[in-house]
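Letter by letter, the chains look like this.
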Amino acid sequence: MKTLKISFFVALLSATVGRAQYAPLGAITSWADGYVVTTENDTIRGKVRVNTMVNDAPASIVVRLADDKKVTFKGEKLRLVAQDIPKFAYATGAIPREREQIVFERVPNPRKDGKTALLERLSHPGKITLYFDANGWKKNAEYTFGNFTIATNPKDLSFVVVKDQTNARIVKKGTFDDEHEALFGDCPAFVQRFPAATRRDWKRFGDLVESYNQTCVVGVALN
């Protein structure tokens with residue numbers, strides 16, 4: 001019987017999370033198909049295993065190449081880590097089928113004075129992208145299954161939100177209305193449809209981000 005080796009922080013989200021937002025799954029600590037991209041923009045493909053995590057980010061990664069040679073990378077030497085989610089992992093029903101990979105990307109981290117860090121990407125990439133804010137999730141664990149810690153009621157949910165790949169900020173329910181202009185104000189077509197945000201809109205934050213990314217490019221509606 002296969003054992004799933006995923007550090008699963010939150011598998012089932014409550015209604016506070018829109019469908020475009022994924023639960024953080026954590027890194028896969030057994031071999032999984034994938035690839036890494038170094039800070040020198042070299043792409044290495046093979047079987048990828050995350051050895052160690054520091055502050056919920058990969059700190060040591062091993063890639064097993066086609067010739068069975070193993071190469072070890074430190075997290076600070078990588079720009080991206082991508083691992084395919086094993087097919088048997090979907091059996092729990094907690095992982096959306098459309099999510100095929102766990103991806104960590106090096107982006108500015110506002111909790112680290114803007115220094116870059118490998119953060120787990122939770123939304124589709126776009127002009128605005130959502131990442132896992134490890135310090136902003138309070139988990140209410142209900143039960144465990146293997147390496148899973150299942151929580152259905154995350155409180156004080158927050159995200160690292162990166163716009164234009166450089167502008168990073170922490171967004172949470174209590175600040176969502178204040179962040180509306182900074183996030184979406186450069187797109188008149190979007191603002192016309194969604195002129196403001198309130199705490200009640202927090203549950204569809206992911207959907208708003210997805211809609212913005214599909215509609216707007218530097219303030220101009222896509223044809």
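Residues numbered from 1 in each chain as written. Predicted model: local features only at pLDDT ≥ 70, side-chain atom pairs only at ≥ 80, totals over all residues. Heavy atoms only, no water.

Colleague: Which residues make up the packing of aromatic side chains, and what are the values?
Modeller: Within the structure shown, the criterion is met by nine aromatic pairs. Centroid distance Phe176 to Trp202: 5.5 Å. Interplanar angle 65°. Geometry classified as edge-to-face. Of this pair, Phe176 sits in helix H1 (residues 176-184) while Trp202 sits in the loop between helix H2 (188-193) and helix H3 (205-215), placing them 26 residues apart in sequence. Given the relative accessible area of 3%, Trp202 is considered buried. Between Phe190 and Tyr212 the ring centres are 5.7 Å apart and the planes differ by 80°, which places this aromatic pair in the edge-to-face class. Residue Phe190 is located in helix H2, and its partner Tyr212 is located in helix H3; the two are separated by 22 residues in the primary sequence. For the pair formed by Phe190 and Tyr212, the shared burial category is buried. Put simply, the rings of Phe159, Phe176, Trp202 and Phe205 pair up and form one aromatic cluster. Sitting above the plane of the Trp31 ring, Arg49 keeps its charged end 4.6 Å from the centroid. In this structure, Arg64 packs its charged tip against the face of Trp31, placed 4.7 Å from the ring centre. (Phe/Tyr/Trp six-rings, centres within 6.5 Å; stacked < 30°, edge-to-face > 60°. Helix = DSSP H or I, 4+ residues; strand = E, 2+ residues; numbered from the N terminus. Buried < 20%, exposed > 50% of the residue type's maximum accessible area, 1.4 Å probe, protein only. Lys NZ or Arg CZ within 6 Å of the ring centre and 35° of its normal.)

Colleague: Lay out the pattern of salt bridges with the relevant residues and their values.
Modeller: If you walk through the whole model with that rule in mind, you get 10 salt bridges. The shortest N-O distance in the salt bridge between Asp68 and Arg64 comes to 3.7 Å. Accessibility expressed as a relative area gives 23% for Arg64, which makes it partly exposed. Note that Asp133 is salt-bridged to Arg111, the shortest N-O span being 2.7 Å. Highlighted residues: Asp133 in the loop between strand E8 (128-132) and strand E9 (141-145) and Arg111 in the loop between strand E6 (101-108) and strand E7 (116-120), separated in sequence by 22 residues. Shared partners join several salt bridges into a network, and the residues in it are Lys127, Lys163, Asp164 and Asp186. (Salt bridge = Lys/Arg side-chain N within 4 Å of Asp/Glu carboxyl O.)

Colleague: Which residues make up the environment of Glu100, and what are the values?
Modeller: By the secondary structure assignment, Glu100 is in the loop between strand E5 (78-84) and E6. Considering only alpha carbons, one finds Glu100 and Ala82, 18 residues apart in sequence, at a separation of 10.0 Å. The residues contacting Glu100, other than those within four sequence positions of it, are Gln83, Asp84, Ile85 and Tyr90. (Contact = heavy atoms within 4.5 Å.)

Colleague: Describe the sheet that holds strand E12 (residues 167-172), with residues and values.
Modeller: Strand order in the open sheet formed by three strands is E8-E11-E12, and the pairing between neighbours is antiparallel. Edge positions in the open sheet fall to E8 and E12, since each of these has one partner strand only. Neighbouring strand axes in the sheet, compared pairwise and without regard to direction, differ in orientation by 30° on average. The pairing of strand E11 (residues 158-163) with E12 spans six bridges and is classified as antiparallel. Following the sheet pairing, Lys163 is matched in E12 by Asn167. (Pairing = 2+ DSSP bridges. Axes fitted to C-alpha atoms, helices over the stretch in contact; angles between N-to-C directions.)

Shape descriptors only; they carry no functional weight alone.
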